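Residue strings, one per chain:
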Amino acid sequence: MTTKDKYKKVAYYPGCALEGTGHAYNRSTKAVGKELGLELVEVENWNCCGAMEVKNVDPKLQTYLSSRVMSVAANEMDMDVVMAPCNGCYHNLKKAEYDLKNDPESVEVVDKLSKKAGHKTYESGQVETIHALDWIKDAIGEDGLAERVKNSLSGIKVANYYGCMYTRPRHIFPEKDAGPGSESTSKPHFMDDLLAVAGAENVEFPLKTACCGGAHTLSDSDMSTKLVLNILKAAKLSGADVIATECPTCHSGLEMHQIRAEKTLGETVDIKILYFTQLLGMALGLKPKKVGVHENISDSFKFLKEKGLA
Amino acid sequence: MRPLAEIEMAIAAVTLEPGPKVAADELLQLSEEVIEHWVVARGEEPTSDKREGFRLLALHRQGAKGDPSFNACRETCREIVYHYNLVTMQSEHAETTNRLEMMKMISNHLYLFVSGKMQVAELGEFCCSAKPIRTSTDFDAGTTKEA
């Protein structure tokens, strides 16, 4: 079976952010999948991936939590691909996969906890974890996407922001940096590629993998605001109208701290923030509400109307 | 090595006025000092080596040794170097003002990232991928097995 066929039907692991602050990402991912004829089967009774909190307290417990999601997909749903649009979930599932392949102690801990929880232990290699970017890029391809574009994003200048977890640490993503056609860990480009096919003009954006401050947004909000403000200003200086995101933590951080920067630092940066799935969905002819633009914190309707997308 | 707070102000104060090369040199120097703070806080002597012709890249490598989470600013350092090259090697280019401004923003990002990491006990722990990668050395297996 080719990768293209394999990705046509995948287990969907939204993770907790996509049920909360990142709901627009959830909505737009599902809408784009439907429009492209791709099938998402949500992982039954999924649990938290371990996020950052569990990982920093007990990394092996995070490995177990992520492994359970993969175990349910593989052993209870008979799926061989798990698609996680959230960078945190994607990163953690990939890390668990790596640990279970390379660390016997992790295997032992996961086996014990799985037995205690009463489900089959996940074994490394049972599923392939992919990101929403891999999913669309490989299942549809750039040519396939080009054929389906109804409303070109032409005239929209986009700074593609990947955040820090999509490509780091590089050893847990063996499929990246694998030659032509693969994703790059130093200069990721899958989002750039997809949005370019949809007609957008991608700008050179030097902070595309820089830290958004998401992990300490509660412990040190001022630092997060300054980091976000810097990203917004750099994107603006790059000539962008929009920052495209593919991580719910980055996205909500950019939106919230854009407002906070106005309130606490008196600095306003006029730039829109949209999930790449929202931009792709509108390029495919979906209405802004269908891809959850109304669920974003910032208001992009006027801008989208000017660009003929709303 | 200037105090971190002074570095932030010094980055903000850099202008094109003394010339592109002087301004870019100053930003590169300030970025090196940011990483020197990180290295010194780890109890090490900042390296004077260069990688690919830049001390900043050698310092970053030194700072990331044993702490993969520090690689979250690897590309930031490389972008500083890239913009340094743009500004100094094509100083007459029409985009030089913007390029220097971008270099300031990237240097500022490095400052914010590193100073954020240093807030707690000099070597704060907020970065997402910090602990799991080095679990083999500091993980107490007994706790988890009983969890």
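Draft legend 1. Region of the structure containing the overall build of chain A. Across its full length, chain A carries 13 helices and eight strands. Relative to a compact globule of 310 residues, whose C-alpha radius of gyration would be 19 Å, chain A shows 19 Å and is just as compact. Expressed as lengths along the three principal axes of its C-alpha atoms, the size of chain A is roughly 55 × 45 × 35 Å. Taking all 310 residues of chain A together, the buried fraction comes to 57%. Sequence separation of at least 24 residues holds for 77% of the intrachain contacts in chain A that already meet a minimum separation of 6.

Draft legend 2. Structural view of the sheet that holds strand β7 (residues 242-245) of chain A. Residues and elements named next belong to chain A. The parallel open sheet is built from four strands, whose spatial order is β6-β5-β7-β8. The sheet terminates laterally at β6 (201-202) and β8 (272-275), the two strands that pair on one side only. One ladder, built from four bridges, connects strand β5 (residues 157-161) with β7; its direction is parallel. By the bridge assignment, Tyr161 is partnered in β7 with Thr245.

Draft legend 3. A look at the pairing of strand β1 (residues 9-12) of chain A. Residues and elements named next belong to chain A. As paired elements, β1 and strand β2 (residues 39-42) share four bridges and run parallel to each other. Of the residues in β2, the one forming a bridge with Val10 is Leu40. The β-α-β motif built from β1, the intervening helix α2 (residues 23-35) and the parallel element β2 has right-handed crossover chirality. In this sheet, strand β3 (residues 81-83) lies alongside β1 in parallel orientation, the contact comprising two bridges.

Rules of the game
- Residues numbered from 1 in each chain as written.
- Chains lettered and ligands numbered in written order.
- Predicted model: local features only at pLDDT ≥ 70, side-chain atom pairs only at ≥ 80, totals over all residues.
- Helix = DSSP H or I, 4+ residues; strand = E, 2+ residues; numbered from the N terminus.
- Rg over C-alpha atoms; globule rule 2.2 N^0.38 Å.
- Buried ≥ 20, exposed ≤ 12 C-beta atoms within 10 Å, placed from the backbone.
- Contact = placed C-beta atoms within 7 Å.
- Pairing = 2+ DSSP bridges.
- Right-handed = clockwise from strand over helix to strand, strands pointing away.

Honestly, it's all geometry; don't read function into it.
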